[in-house]
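Observations on the three-dimensional arrangement
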Amino acid sequence: MSELLAAIDCGTNSVRLLISRRESDGRLTEVDRRLHITRLGQGVDATGAFHPDALARTLAAMADFAAQLDELGVSRRRVVATSAARDAANSAEFFDGVRARLGVEAEIIPGAEEARLSYLGAVSAMPAVAQPVLVIDIGGGSTELVLGRDGAVEHAVSLDIGSVRVRERFLAADPPTVDEVAAASDHINALLDGCGIDFAAVATWVGVGGTVTSLSALIQGLSVYDRDAVHGSQLDAGELAAFASELLGASVAQVNKYPTMVPGRADVICAGALICRLIGDRLDVGLVVSEADILDGIVAELSE
């Protein structure tokens, strides 16, 4: 007998839903996947609290998710909240709102757990690849890096560098100035230097999440977003470096003109690209992009 399972990931920049069906033979089949850019982390880095408008946008998205889950009759559901909810002093308003709309408690998961679930989701959708594998997830408030071998995590770390956080803290101008980019790069590199990941050992580099999937679509020059074209695509270090420079040199209005740019991501994609480029500078392999991520990891565990 099949069963519907749902995972919701509430991040700093977006909230996302995955509904999957567990078939009688144990396979998972995707039923629905949707995203709202709500910028829950708006100003959290500076104020330490959720902005009322950001909370309203996020809880409206949760209401949309709840309607879909109720319509389909999905009873098994898990909501996780990541970087922004870890940092906000007024997070009780968020939790009360989620509970009222979805009927379950949102869980603030630590960075290491976020990294583990991202790794689980990414490798579940990948064919056999050279080991060890480094999985990265560049979010709005944090970046997770997980080094694993044959499905087992060897080292996981969550760093307080994300596209929203870096943009708000360092890249104030539009477009960012050379000095701003240099200051952001110094900060990112300092955290990468001390993160404990053995970059020299990495045989396969996999990226998940909205930053890297957006970069893939943009670098490929897709006229419309195509999950099949993005999943499994490969970006070399030179492409990443060149396109990061292009984004950092463009205004938000110019970035918004890219046909696959998701509304609400244009102002922060340059910061995400910078983080990705600086990770790539440390590796001898190109980036493989995966559409499977933390949501797939959560659903996989719900199905056990």
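Scroll up to find the structure this text is about.
Residues numbered from 1 in each chain as written. Predicted model: local features only at pLDDT ≥ 70, side-chain atom pairs only at ≥ 80, totals over all residues. Heavy atoms only, no water.

Some words on the overall build of the chain
A tally of regular secondary structure across the chain gives 13 helices and eleven strands. In terms of C-alpha radius of gyration, the chain reaches 18 Å, essentially the compact-globule figure of 19 Å for 304 residues. Considering only C-alpha atoms, the chain reaches an extent of 55 × 45 × 40 Å along its principal axes. In the chain, buried positions account for 54% of the 304 residues. Counting contacts in the chain only where the partners sit at least 6 residues apart, residues at least 24 apart contribute 69% of the total. Surface summary for the chain: the accessible area is close to 11900 Å², and the carbon and sulfur share equals 50%. Across the chain, 24 positive and 43 negative side-chain charges occur, with their mean positions spaced 4 Å apart. (Helix = DSSP H or I, 4+ residues; strand = E, 2+ residues; numbered from the N terminus. Rg over C-alpha atoms; globule rule 2.2 N^0.38 Å. Buried < 20%, exposed > 50% of the residue type's maximum accessible area, 1.4 Å probe, protein only. Contact = heavy atoms within 4.5 Å. Areas by Shrake-Rupley, 256 points an atom, 1.4 Å probe, with all protein chains shown as cover. Lys, Arg positive; Asp, Glu negative; His and termini not counted. Charge placed at Lys NZ, Arg CZ, Asp CG, Glu CD.)

Quick look at the nonpolar core
Soluble, globular proteins show a tendency: their nonpolar side chains are buried together. Counting residues in each nonpolar core, the largest one holds 48 residues, and the members touching the most others are Leu134 and Leu145. For this core, the element with the highest residue contribution is helix α12 (residues 269–280), accounting for nine residues. In contact with leucine 134, not counting residues within four places along its chain, are Leu145, Val146, Leu147, Ile197, Phe199, Val202, Thr204, Trp205, Val206 and Leu283. In this structure, Cys10, Met62, Val79 and Ala106 belong to the second largest nonpolar core, which totals 28 residues. (Core = buried A, V, L, I, M, F, W, Y, C linked by side-chain atoms within 4.5 Å.)

Description of the sheet that holds strand β7 (residues 143–149)
Within the open sheet, the six strands sit side by side as β8-β7-β6-β9-β11-β10. Their pairing is mixed. Only two strands of the sheet have a single partner each, and these edge strands are β8 (152–159) and β10 (234–235). Bridge analysis of β10 against strand β11 (residues 287–289) gives two bridges, and the strand direction is antiparallel. Within β11, the residue paired with leucine 235 across the bridge is leucine 287. Most of the contacts of helix α5 (residues 111–124) go to β7, to which it runs at about 55°, and overall it touches β6 (133–138), β7, β8 and β9 (204–208). (Pairing = 2+ DSSP bridges. Axes fitted to C-alpha atoms, helices over the stretch in contact; angles between N-to-C directions.)

A few points about the environment of glycine 73
Looking at the element boundaries, glycine 73 is found in the loop between α2 (52–72) and β4 (76–81). Separated by 91 residues in the primary sequence, glycine 73 and valine 164 have C-alpha atoms spaced 35 Å apart.

Digging into the packing of helix α6 (residues 163–170) against α12
Relative to each other, α6 and α12 sit at 105°, their axes nearing to 8 Å. As the angle between them shows, α6 and α12 are arranged roughly perpendicular. Note on element contacts: α12 touches α6 through Cys270, Ala271, Gly272 and Ile275, opposite Ser163, Val166 and Arg167. In the contact of α6 with α12, the residues fall into four nonpolar, two polar and one charged. (Parallel < 35°, antiparallel > 145°, perpendicular 65-115°, else oblique. Nonpolar A, V, L, I, M, F, W, Y, C, P; charged D, E, K, R; others polar.)

Re the pairing of strand β3 (residues 28–37)
Of the pairings in the sheet, the one linking strand β2 (residues 14–22) to β3 comprises nine bridges and is antiparallel in character. In the sheet register, valine 15 faces β3, and the bridge partner there is histidine 36. Hairpin remark: β2 followed by β3, antiparallel, with five residues in the connecting loop; positive phi at glycine 26, about 95°.

Some details on the sheet that holds strand β5 (residues 106–108)
Within the open sheet, the five strands sit side by side as β3-β2-β1-β4-β5. Their pairing is mixed. The strands lining the two open edges of the sheet, one partner per strand, are β3 and β5. Averaged over neighbouring strand pairs, the angle between their axes works out to 20° when direction is ignored. Sheet topology places β4 next to β5; three bridges connect them, and they run parallel. In the strand pairing of β5, valine 79 is matched with alanine 106. Sheet strands touched by helix α13 (residues 294–302): β1 (3–10), β2, β3 and β4. Its angle to β1, the strand with the most contacts, is close to 140°.

Re the pairing of β8
Bridging between β7 and β8 involves seven bridges; their strand directions are antiparallel. Residue pairing in the sheet places arginine 149 in a bridge with alanine 152 of β8. In sequence, β7 turns back onto β8 through a hairpin of two residues, with aspartate 150 there showing a positive phi of about 55°.

Things to note about helix α8 (residues 210–220)
In terms of residue burial, α8 counts as a mostly covered element, since eight of its eleven residues are buried. The set of residues buried in α8 consists of Thr211, Val212, Thr213, Ser214, Leu215, Ser216, Ala217 and Leu218.

Describing unusual backbone geometry
With an omega of 0°, the peptide bond running from glutamine 131 to proline 132 counts as cis. Along the chain, proline 132 falls in the loop between α5 and β6. At the junction of aspartate 174 and proline 175, the peptide bond is cis and its omega measures out at 0° in the coordinates. Mapped onto the fold, proline 175 is located in the loop between α6 and α7 (178–193). For arginine 39, which is not glycine, the phi torsion reads 50° and is therefore positive. Position of arginine 39 relative to the elements: it lies in the loop between β3 and α1 (44–47). Overall, arginine 39 belongs to the buried group, its relative accessible area being 15%. With phi around 55°, aspartate 150 is a residue other than glycine that occupies positive phi space. Relative to the helices and strands, aspartate 150 resides in the loop between β7 and β8. Residue aspartate 150 is classed as exposed on the basis of its relative accessible area of 64%.

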